[in-house]
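The chain contents come next:
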Amino acid sequence: MSTLITNIAELMTQDTEHRVLRDAAVVIEGERISWLGPAAEAPAADEAVDAGGRALLPGWVDSHTHLIFAGDRTAEFEARMAGQSYSAGGIAVTTGATRSTSDFDLTRLAMGRVAEAVSQGTTYLETKTGYGLDLENEARSARIASTVADEVTYLGAHLVPAGMDAEEYTELVCGPMLTAVRPYVRWADVFCEQGAFNEDQSRRVLLACKAAGLGLRVHGNQLGEGPGVRLAVEVGAASVDHVNYLSAADVDALAASWSGWDAAGGNGPRGTVATCLPACDLSTRQPLAPGRELLDAGVQLALASNCNPGTSYTSSMAFCVTTAVLQMRLSVHEAVRAATYGGALALGRESGNDVDGERAVGSIAVGHRADLHLLNAPSATHLAYRPGIPLTHAVWRAGLAQPVR
């Protein structure tokens, strides 16, 4: 079954050539993109969709979420808005609620959050464990996550549970808990931050998970300058997320990690992506991550929602893009690229085609997965030009049309 989407006013490919096509068309065949180019040259297909002069983007790639949870933290949010500072301790509130919720209800809640994200244009997403914080519940969270998300990250090192010794818990995270979650996860993460895990504990977690064959990610430099960024680069992490407080040495380390990579062709050794989480920054009243400085230094950037119950209860990638343009000084093209190709790069899914069977996401090119987001606007500029207006008109995920609310 093939579908022709034609009469596209603006097609922002986010491919290696950064092409923006006008009066364009795309053909979907199965779950892949089989053709794109000028609408006047489009081949025949089994069915046709008239885009009506709208803009077409790759689907959002949300590379940082925490969707496996239960409970409510509005009281904490209200207190923070009244002036109370954010600390990592609120995670324990969610842990209690999550542990006491059934598998069925945790799955139902997570599926609802994924559906909400997809209806707003997100077509590929990662989610983490981290609200179980004991062996049984971390394994359960990983198993449930593997049924609802495209990528799953092990975050047993989210917080040391109340009443546990930090060193003993770190050993659990590096040993039996890692063994229990391993069948369900591709990535591992650690909250390297004051009030969570120190540099030595974080390094031990990351190296144990790397030895187990997992890719690495790091929560770093959210609440102040610290070792997170430098540690992420040291161990070859695919991304370091938050990055609110960066020294010149942190920026230099991230930039140096990309020194051998050909940004135009997407070739060479990959460095550590800096993932900015602007919705979280606003909710916690932290300084926005220095996305402009990072891009100018040559660092590859991603934008993600950080959807979670305590500090960023939104799955709106459009909101993140809007904030990046209006307050972080990114151009519309840069922000959209960070929310699509950048997220794919942070997840190691920016490349792949029919030859290797791992179809790329986050960009529109022949052979890539047909993840498409049609805006109810003639250009992507409207995402920032009309902030807060829901602009998703249609979504295709792996070639299948999705419900849009």
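Quick caveat: nothing in here was measured; it's all calculated off a predicted structure. (Residues numbered from 1 in each chain as written. Predicted model: local features only at pLDDT ≥ 70, side-chain atom pairs only at ≥ 80, totals over all residues. Heavy atoms only, no water.)

Side note on the overall build of the protein chain
Reasoning step 1: Secondary structure assignment for the protein chain yields 15 helices and 15 strands.
Reasoning step 2: For the protein chain, the C-alpha atoms occupy an extent of roughly 65 × 45 × 45 Å along the three principal directions.
Reasoning step 3: By the burial criterion, 59% of the 405 residues in the protein chain qualify as buried.
Reasoning step 4: Each charge class in the protein chain can be summarised by its mean position, and for the 30 positive and 46 negative side chains these summaries are 2 Å apart. (Helix = DSSP H or I, 4+ residues; strand = E, 2+ residues; numbered from the N terminus. Buried < 20%, exposed > 50% of the residue type's maximum accessible area, 1.4 Å probe, protein only. Lys, Arg positive; Asp, Glu negative; His and termini not counted. Charge placed at Lys NZ, Arg CZ, Asp CG, Glu CD.)

A word on unusual backbone geometry
Trans is the prevailing form of peptide bonds, just as negative phi is the prevailing case for residues other than glycine.
Reasoning step 1: Phi at aspartate 23 takes a positive value of approximately 45 degrees, unusual for a residue other than glycine.
Reasoning step 2: With respect to the helices and strands, the residue aspartate 23 is situated in strand β2 (residues 20–29).

As for the pattern of salt bridges
Reasoning step 1: A complete count under the given rule lists 23 salt bridges for this structure.
Reasoning step 2: With its nearest N and O atoms 2.8 Å apart, the salt bridge here joins arginine 204 to glutamate 171. Residue arginine 204 is located in helix α7 (residues 199–211), and its partner glutamate 171 is located in helix α5 (residues 166–174); the two are separated by 33 residues in the primary sequence.
Reasoning step 3: By relative accessible area, arginine 204 is classed as partly exposed at 23%.
Reasoning step 4: Note on glutamate 171: relative accessible area 46%, which makes it partly exposed.
Reasoning step 5: Overlapping salt bridges, with partners in common, bring together Glu167, Glu171, Asp200 and Arg204 in one network. (Salt bridge = Lys/Arg side-chain N within 4 Å of Asp/Glu carboxyl O.)

A word on helix α13 (residues 332–339)
Reasoning step 1: A large share of α13 lies buried, amounting to 6 of its 8 residues.
Reasoning step 2: Taken residue by residue, α13 has Val332, Ala335, Val336, Arg337, Ala338 and Ala339 as its buried positions.

So, the nonpolar core
Reasoning step 1: One finds Tyr154, Val243, Leu294, Val336 and Leu383 to be the most contacted residues of the largest nonpolar core, which totals 90 residues.
Reasoning step 2: Once residues lying within four places of it in the same chain are set aside, the contact partners of tyrosine 154 are Thr129, Glu138, Val173, Met177, Leu178, Val181, Val185, Trp187, Ala188, Asp189 and Cys209.
Reasoning step 3: Grouped together as the second largest cluster of nonpolar side chains are 17 residues, Ile28, Leu36, Leu56 and Ala394 included. (Core = buried A, V, L, I, M, F, W, Y, C linked by side-chain atoms within 4.5 Å. Contact = heavy atoms within 4.5 Å.)

Notes on the pairing of strand β8 (residues 187–192)
Reasoning step 1: When you tally the buried positions in β8, you get 6 out of 6 residues, the bulk of the element.
Reasoning step 2: Residues of β8 alternate between two faces, with Trp187, Asp189 and Phe191 on one and Ala188, Val190 and Cys192 on the opposite face, all of them buried.
Reasoning step 3: As defined by bridge partners, strand β7 (residues 151–157) adjoins β8 across 3 bridges and the pair is classed as parallel. Each bridged residue has a counterpart across the sheet, and for threonine 153 the counterpart in β8 is tryptophan 187.
Reasoning step 4: As paired strands, β8 and strand β9 (residues 215–220) are joined by 4 bridges and run parallel to one another. By the bridge assignment, phenylalanine 191 is partnered in β9 with histidine 219.
Reasoning step 5: Regarding topology, α7 serves as the crossover connection from β8 to the parallel β9, and that connection is right-handed. (Pairing = 2+ DSSP bridges. Right-handed = clockwise from strand over helix to strand, strands pointing away.)

A look at the pairing of strand β13 (residues 372–375)
Reasoning step 1: With burial as the criterion, each face of β13 is covered, one bearing Leu372 and Leu374 and the other bearing His373 and Leu375.
Reasoning step 2: Pairing geometry for strand β4 (residues 47–58) and β13, over 3 bridges, is antiparallel. Each residue of the ladder has a partner; that of leucine 56, found in β13, is leucine 374.
Reasoning step 3: Judged from the 4 bridges that link them, β13 and strand β14 (residues 392–397) form a sheet pairing that is antiparallel. For leucine 372, the partnering residue across the bridge sits in β14 and is tryptophan 396.

Describing the sheet that holds β14
Reasoning step 1: Spatially, the 7 strands line up as an open sheet ordered β3-β2-β1-β4-β13-β14-β15, and their pairing is mixed. Every other strand in the sheet has two partners, leaving β3 (32–38) and β15 (400–402) as the edge strands with one partner each. When the angles between neighbouring strand axes are averaged without regard to direction, this sheet yields 35 degrees. (Axes fitted to C-alpha atoms, helices over the stretch in contact; angles between N-to-C directions.)

Points about the side chain of threonine 129
Reasoning step 1: Here threonine 129 lies in the loop between β6 (122–128) and α4 (135–148).
Reasoning step 2: Take threonine 129: its relative accessible area is 1%, and that puts it in the buried class.
Reasoning step 3: A polar atom in the side chain of threonine 129 sits 2.8 Å from the backbone nitrogen of leucine 155.
Reasoning step 4: Not counting chain neighbours up to four residues away, the residues in contact with threonine 129 comprise Glu138, Ser141, Ala142, Thr153, Tyr154, Leu155 and Gly156. (Polar contact = N/O pair within 3.5 Å; in protein donor to acceptor, adjacent residues only side chain to side chain.)

With respect to the packing of α7 against helix α8 (residues 228–235)
Reasoning step 1: Contact geometry of α7 with α8 gives a least axis separation of 11 Å together with a crossing angle of 25 degrees. The orientation of α7 with respect to α8, classified from their angle, is roughly parallel. The interaxial crossing formed by α7 with α8 has right-handed handedness. Side by side, α7 and α8 meet where Glu199, Ser202, Arg203, Leu206, Leu207 and Lys210 of the first sit next to Leu231, Glu234 and Val235 of the second.
Reasoning step 2: Of the residues contributing to the contact of α7 with α8, the split by class is 4 nonpolar, 1 polar and 4 charged. (Parallel < 35°, antiparallel > 145°, perpendicular 65-115°, else oblique. Left-handed = near helix turned anticlockwise from the far one by under 90°. Nonpolar A, V, L, I, M, F, W, Y, C, P; charged D, E, K, R; others polar.)

Regarding the sheet that holds β8
Reasoning step 1: Pairing in this open sheet of 8 strands is parallel, and the strands run β5-β6-β7-β8-β9-β10-β11-β12 from one edge to the other. Edge positions in the sheet fall to β5 (60–62) and β12 (301–303), since each has one partner strand and no second. Between one strand axis and the next, the sheet turns by 25 degrees as a mean value, whatever way the strands run.
Reasoning step 2: Helix-sheet contacts for α4 involve β6 and β7, and the interaxial angle to β7 is about 165 degrees.

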